[in-house]
Amino acid sequence: MRKWLTFYRDLGLQLLAFYLLLIIPFLVTLLVFDRLVGARIRADVEANDIALARAIALETDIAIGDSLKTVQQLSSYESVIGMDREKMGEVFSIVLSARPDVNLVYRLGANGVMLYHFPTGPESTVGVDFSFRDYYQNALISNIPLISEGRISPTTQQAVATAVMPIRSASGEFVGLVGTNIKLESLSKTLAAIIAEHGSEEGFEILILDASGQVIAHPDTAFLLKPANEILPEIYTQALAGKSGSIVTSDLNGGQRLYTYAPIPSVGWGVIISRPTENAFATRIILQRITQIAVGTFILIGLAFWGILSWRVINPIERLAPISEAIGLNQQIEPSQRKRIEKLSRRADQIGNLIRSILRMENSIAERMKEQATLLEISAAVVSSLDLSVVLSRILEQVARLLNVQMIAIIALDVERGEFRVRASHGLSQGFTEQLSLQPSEPSSVSMRALRAREPIQVSDTETDPSYKPRRERAQAEGYRAVLGVPLNTKHAPPTCLLIFNPEPHEFSENEIQLLSSFANQATMAIENAILFERSDARLQEQTRRLEALVQSMEDGLILSDLKGMVIYANRRVAEFANLASEDMANIQVEKIISHILGEEMDFENFRSLKKSEIVVMVAGRPLNLRFETFDVTDGKETIIGRGVILHDITADRELDRMKSNLISTVSHELRTPLAAIKGYASTLLAEDVEWDVKSQREFLSIISDETDRLTGLVNNLLDLSRIESGSLRLSLEKCDIEEVIRRGASQARLGSGNKFQIKIEAGLPALYADVPRLETILRNLIENSIKYAGETAAIEVQVSRQGDAIIFRVIDDGIGIPPEKSERIFERFYRLDDSLARVTSGAGLGLAICQGLVRAHKGEIWVEQMNTGARIAFSIPLGLDEQP
Ligand code: ADP
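Residues numbered from 1 in each chain as written. Predicted model: local features only at pLDDT ≥ 70, side-chain atom pairs only at ≥ 80, totals over all residues. Heavy atoms only, no water.

Caption draft 1: Representation of the side chain of H218 within the structure. Inspection of the secondary structure puts H218 in the loop between strand 8 (215–217) and helix 7 (236–240). Classification of H218 as buried rests on a relative accessible area of 4%. (Helix = DSSP H or I, 4+ residues; strand = E, 2+ residues; numbered from the N terminus. Buried < 20%, exposed > 50% of the residue type's maximum accessible area, 1.4 Å probe, protein only.)

Structure (C-alpha cells):
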C-alpha cells in the first residue's frame, strides 16, 4: 500500500511506468520475433548442412560402391583367378584408366602375399606378405566385396583405402583376393571442390571418417589418416554409429562450432561437416545483436529520459514544494535553498517561469504581510484610545507614516452649522484649516465628491484636472498638486472624509488606495467607538467627575497604586502633604510620594509595617498630625488589585484634645481660685468663735461678691465660646451709642485707679448697628487684657474711626506688647503667651478667642497692629448690618 502511495506521489515513477508500458510490448514482440526467426534460421542452417552431408555421403557411397563392384567383377575374371599375369595386367590397366581415383590394382595370394600389382612400379611389393592387413583378415571369412581402413600404401606411398574382393575357387576355397587402392586424395579433392562451391566461408570444414575413426578425406590432405579424436570432439562416433544430425559444441580449441554428421552406412564411414557458429548463424547473431541493441537503446533512452526528467523537472518541482510551503506559511527559506531556487529561476523554460512566478508571489506575500502588519500596528495605535481628539490625531499621525505624506486633513460635518470643516489636520497651514468650509453639495471638492460617491476620489494633478479648476488657487497657495479623498463610512459619527495632499502631481496607486481604505475602515471604527464612548460615557464621566471632586475635596489624603506600587491616583491633599504638583504625582512610585511626605527615604513595605501609625509633618510651615492607614484594594471577587494609603489629617483632633485638657486644667484652675476665696471668706464669716465687725463683714462679703462675678464672667465666657463654636450665637442688632458701649465695657473691666483711660471717637460717624452686649464683651475683654498685661498704671486708649464700610475700634496700651510672630496665635482658644507675665496673671486664654468669635459673628475682623511699644488690637464692625436680612 505504501509503495503504491509513493508511486502515486512520484511523477518520475509514473512517467517511467508509462514509458515501460509503451515499450514492453514492443520489446516482447522484438524478443519473440528474434526467438522465432532465430530458431528458423538455425533449423535452415542445420537442414542445409545435413543435406550437404547426406549428399556427400551418398556420393562417396556411390564411388565406393563402384569400386566394390569393380573388384567384384575383377574377381570373376579367369585371368585374375588363374593368375594369368599378362591378361591380368591388361584388365588392371583398363581399370586404372577408367578409374582415375584408383592408383593400384593388385592380386594377393591365399596366404596374403602380394602376387601381382599394376602398375608394377615404381616400387614393387610383389612377394610382400600382407596377411596382417585388416582387409585380408576380413576377406578370409567373407564372400562379398569389402573396404579397408585408410592407410599408406607401401606400393604407391599414397594414402589409400582398399576395396577388396575375396577370390574363391569353384569349390569355395579361398585362393586370395583382388583389391583396388582408392586414392584418398581424390576423395579429398571432391570435398575441396564442394567447399569451394560454398564460397570462401571461413572455418567451413568437411571430412570423411572411416569405420576405425581415421580421417579418410579432408580438403587439407595433411589431415589424412589422422585419428578423428585428435581433431574432432566426441560427436563423430554418432556418425560412425550410423546416425545423422547436428549439434553445436565446442571444438578442441574451445571455439563454438556447428557439427553436422551423416553416415555412409554401406562401409560404416561418416561424413562430418563443421563450421564456426558465428558463421553458421551469422544472420541470427546479427538479428540478436539488433534486438539487443534495440532493447539496450530503448532502456538507455528510457533511463536518460527519466534522468533528464528528474533532473530538469521533477527535482526542481520537488525542491519547490517545501519552499512554496514555507512561503505560504511566511517562514524563512534557508539560504542554501534560496540559492538553488534563484539559480533555477534563471532558466528560460516553464520551470523557470514557475519559479519566477513563485518568487514574485513570495515577494507579494511578504509585501502584503508587511502591509497587514503595518495596518494592524497602525490600527492598534488608532483604536487604543477612546478620546476622540486623540483618535483623530493618531489617525493623522499613522496615515502620515503609512503613506509617507506630509499634508493630511480630516474633514467632518459640523452638524450645528450644516457645513463641513477641518476637524483635525497635519502639515497644513492654520489659515487653510480655519477657512476651509464646504457645503455638502459643493461640486468641485474632492472630499464632498468622495463622500457622495462613498468611495475614494483622487485628483492626480490639480493644475490639469478640469474638475479642480475652482479650487486651483487654494491648492497653489497651500502648495499641493494631488489630492486623495477617502470617505469614512460612519454611522454614529457625522460624515467624515480623510484627505491626503501631495506636493507633486501624483497618481495614487491602486495599492495605496486599497491600503488607505483598509486603514480608513479601522479609523472609522475608532472614531465611532470614541463617539459612542463619549456619548454613553457622559453620565459615567459625570459620576466620575463628582467622585473625583469628592475625593479631591476630602480633607484626608488618598493614594491608590497598582500592585507594582505605581501611583494610579493621588488627591489634592496628598499633593499638599508631599509638597508636589498634582501632575508630578502621576506614574511615580508610591514610595516617592511617601518619602516626600516623610522627608526621608522609605520603601513601601516598611511603610506598611508602620500601619496606622501617626506622624507629624511640616506642611507650609505648619505642623500637621497625620495618621497613615494602608489598605488593599480588591475587586468584586476579593482579589487584590492594588493598594491604597489614606492620610488622615488629625491635626484638628489633636488640637481639640489639647484644648480639652487645657480647658479642664484652665477652667479647674480658674474656678478653684475664686471658689477657694469664696469658701474661705464665707467660712470666716460663719466661724462662731470670732465676732466680725460690720465693716469687716462687708469687706468679706464684697470679696465674695467680686469672686462670684469673676466666676460668672468665666462661665459666661465659656458659654459664649461654646455658642460661637456651635454656631448657635444669635445677634440682636440695635443701633448703638459707641461711647456708651465703650464706657460700660471699661467699667466691667474694672479699670484700676492708676489707669489712665481715654476714648477717642472720630467725629461724624454713621450710625452703627451691633449686638450691644456682645460689643461690650469684646471691649471689656480687650480692656481687661490691657489692664492685665500693661499693668495697673497703664495708659489705655480706645479709638474709634471709620474705614471704608466699617467702623474700626482700636484698644491701645503701653504695656509689653505682643511679639509679631504670635499676633495670629493669640486668637486661638486657650492660647496664652508663655512668658513670665502670662504665668502670673490669671486667664484661660479665651478672651481673644471670644472677641474673634463675636467680631466674626458681626462679619468683622480682629487683628493685632504692630507698635514699637505696647499692644494695639483692632477690630472692625461693618456698617449697614441692620439692612441685612
Ligand atoms: P488671657 O488674657 O485670659 O490669657 P486672652 O485670649 O485674652 O487670654 O489673651 C491671650 C494672650 O494674649 C494673653 O495670654 C497675653 O499673653 C496676650 N495679650 C493679650 N492682650 C495683650 C495685651 N494688651 N498686651 C500684651 N499681651 C496681650
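Caption draft 2: Representation of the nonpolar core in the model. Formed by 50 residues in total, the largest nonpolar core has its most connected members in L768, L775, L779, F809 and F875. The dominant element in this core, judged by the number of residues it contributes, is helix 23 (residues 772–790), at eight residues. Those residues in contact with F809 that sit more than four places away from it in its chain are I738, I742, L768, L775, L779, Q799, V800, I873, A874, F875 and I877. Among the nonpolar cores identified, the runner-up in size contains 44 residues, and A159, L184, L187 and V271 belong to it. (Core = buried A, V, L, I, M, F, W, Y, C linked by side-chain atoms within 4.5 Å. Contact = heavy atoms within 4.5 Å.)

Caption draft 3: Here's a closer look at the site of the ligand. Close to the ligand lie 19 residues, the nearest being N785, Y789, D813, R832 and L848. Contact between the ligand and K788: an oxygen atom at 2.8 Å from a side-chain N or O atom of the residue. Taken by itself the ligand offers 530 Å² of open surface, and the protein chains cover 97% of this. Those elements that place two or more of their residues in the shell around the ligand are helix 23 and helix 25 (847–857). Counting residues per element, the shell around the ligand draws most heavily on helix 23, which supplies four residues. Within the shell around the ligand, the residues separate by chemical class into ten nonpolar, six polar and three charged. (Near = heavy atom within 4 Å. Polar contact = N/O pair within 3.5 Å; in protein donor to acceptor, adjacent residues only side chain to side chain. Areas by Shrake-Rupley, 256 points an atom, 1.4 Å probe, with all protein chains shown as cover. Nonpolar A, V, L, I, M, F, W, Y, C, P; charged D, E, K, R; others polar.)

Caption draft 4: Examining the packing of helix 21 (residues 694–726) against helix 25 more closely. For the pair helix 21 and helix 25, the least separation of the axes is 10 Å and the interaxial angle reads 45°. With respect to helix 25, the element helix 21 is oriented oblique. Helix-helix and strand crossings are classified by hand; for helix 21 and helix 25 the assignment is left-handed. Along the contact surface, helix 21 presents N717, D720, L721 and I724, while helix 25 presents A849, I850, G853 and L854. Residue classes in the contact of helix 21 with helix 25 are distributed as five nonpolar, two polar and one charged. (Axes fitted to C-alpha atoms, helices over the stretch in contact; angles between N-to-C directions. Parallel < 35°, antiparallel > 145°, perpendicular 65-115°, else oblique. Left-handed = near helix turned anticlockwise from the far one by under 90°.)

Caption draft 5: Region of the structure containing a nonpolar patch on the surface. Residues L20, I24, V28, V32 and L36 make up a contiguous nonpolar surface patch of roughly 430 Å² in combined accessible area. Along the polypeptide, V32 turns up in helix 2 (residues 11–74). (Patch = residues over 30% accessible without salt bridge, like charges linked within 9 Å, V, L, I, M, F, W, Y side chains within 5 Å. Salt bridge = Lys/Arg side-chain N within 4 Å of Asp/Glu carboxyl O.)

Caption draft 6: Highlighting the sheet that holds strand 9 (residues 245–250). Strands sit in the order 8-7-11-10-9 across an open sheet of five strands; the sheet is antiparallel. Two strands in the sheet have a free side with no partner beyond their single neighbour: strand 8 and strand 9. Taking each pair of neighbouring strands and ignoring which way they run, the sheet shows an average axis angle of 35°. Two elements, strand 7 (residues 205–209) and strand 8, share two bridges in a ladder whose sense is antiparallel. From the neighbouring strand, L209 faces strand 8, where its bridge partner is V215. Relative to strand 10 (residues 256–264), helix 2 is tilted by about 35°, and along the sheet it contacts strand 7, strand 9, strand 10 and strand 11 (269–276). Of the strands in this sheet, strand 7, strand 8 and strand 11 touch helix 6 (residues 184–197), which is tilted by about 150° from strand 7. (Pairing = 2+ DSSP bridges.)

Caption draft 7: Molecular detail of the pattern of salt bridges. Applying the stated criterion to the full structure yields 34 salt bridges. Notably, a salt bridge pairs R481 with D461, separated by 2.8 Å at the nearest N-O pair. With a gap of 20 residues between them, R481 in the loop between helix 15 (472–478) and strand 16 (482–488) and D461 in the loop between strand 15 (457–459) and helix 15 connect regions that are remote in the sequence. Residue classification places R481 among the partly exposed positions, given a relative accessible area of 28%. The closest approach of N and O atoms between R750 and D706, which form a salt bridge, is 3.7 Å. Of this pair, R750 sits in the loop between helix 22 (738–748) and strand 24 (756–761) while D706 sits in helix 21, placing them 44 residues apart in sequence. Assessed through its relative accessible area of 43%, R750 is described here as partly exposed. Among the charged side chains, a salt-bridge network with shared partners connects E555, R572, R573, E576 and D649.

Caption draft 8: Molecular detail of the sheet that holds strand 24. Read from one edge to the other, the open sheet built from five strands follows the order 24-26-27-29-28, with strand pairing classed as mixed. Two strands close off the open sheet at either side, each with one partner strand: strand 24 and strand 28 (862–865). Adjacent strand axes in the sheet meet at a mean angle of 20°, parallel and antiparallel pairs treated alike. One ladder, built from six bridges, connects strand 24 with strand 26 (residues 795–803); its direction is parallel. Paired with I761 across the bridge in strand 26 is V800. Where helix 22 meets the sheet, it contacts strand 24, strand 26 and strand 27 (806–812), and its direction lies at approximately 160° from that of strand 24.

Caption draft 9: How the structure looks around the pairing of strand 16. Taking burial as the measure, the seven residues of strand 16 include seven buried ones, the bulk of the element. Judged by which residues are buried, strand 16 turns out to be covered on both faces: A482, L484, V486 and L488 on one side and V483, G485 and P487 on the other are all buried. Where strand 15 and strand 16 come together, three bridges link them in antiparallel fashion. From the neighbouring strand, I457 faces strand 16, where its bridge partner is G485. Where strand 16 lies against strand 17 (residues 496–502), seven bridges are found, and the strand directions are antiparallel. Note that in strand 17 the partner of V486 across the bridge is L498.

Caption draft 10: Structural context of the environment of K760. The topology assignment puts K760 in strand 24. A residue is classified by how much of its surface remains accessible, and K760, at 44% relative accessible area, is partly exposed. Spatially, the C-alpha atom of K760 lies 9.8 Å from that of F809, the residues being 49 residues apart in sequence. Setting aside residues up to four positions removed in sequence, K760 forms contacts with E797, V798, Q799 and V800.

Caption draft 11: Broad picture of the packing of helix 22 against helix 23. Between helix 22 and helix 23, the least distance of the axes is 8 Å, while the angle of their chain directions is 50°. Of the possible angle classes, the one that applies to helix 22 and helix 23 is oblique. As for the relative orientation of helix 22 and helix 23, their crossing is right-handed in sense. Seen from helix 22, the contacting residues are V741, I742, R744, G745, A746 and Q748; seen from helix 23, they are V772, L775, E776, L779, R780, I783 and E784. Tallied by class, the residues present in the contact of helix 22 with helix 23 amount to seven nonpolar, two polar and four charged.

Caption draft 12: Local environment of the pairing of strand 11. Where burial is concerned, most of strand 11 is hidden: eight out of the eight residues are buried. Of the two faces of strand 11, the one lined by W269, V271, I273 and R275 and the one lined by G270, I272, S274 and P276 are each fully buried. Relative to strand 11, strand 7 runs antiparallel, the two being bridged by five bridges. Within strand 11, the residue paired with L209 across the bridge is G270. Bridging between strand 10 and strand 11 involves eight bridges; their strand directions are antiparallel. If you follow T260 over to strand 11, its bridge partner there is I273. Connecting the antiparallel pair strand 10 and strand 11 is a turn made up of four residues, with G268 showing a positive phi of about 75°.

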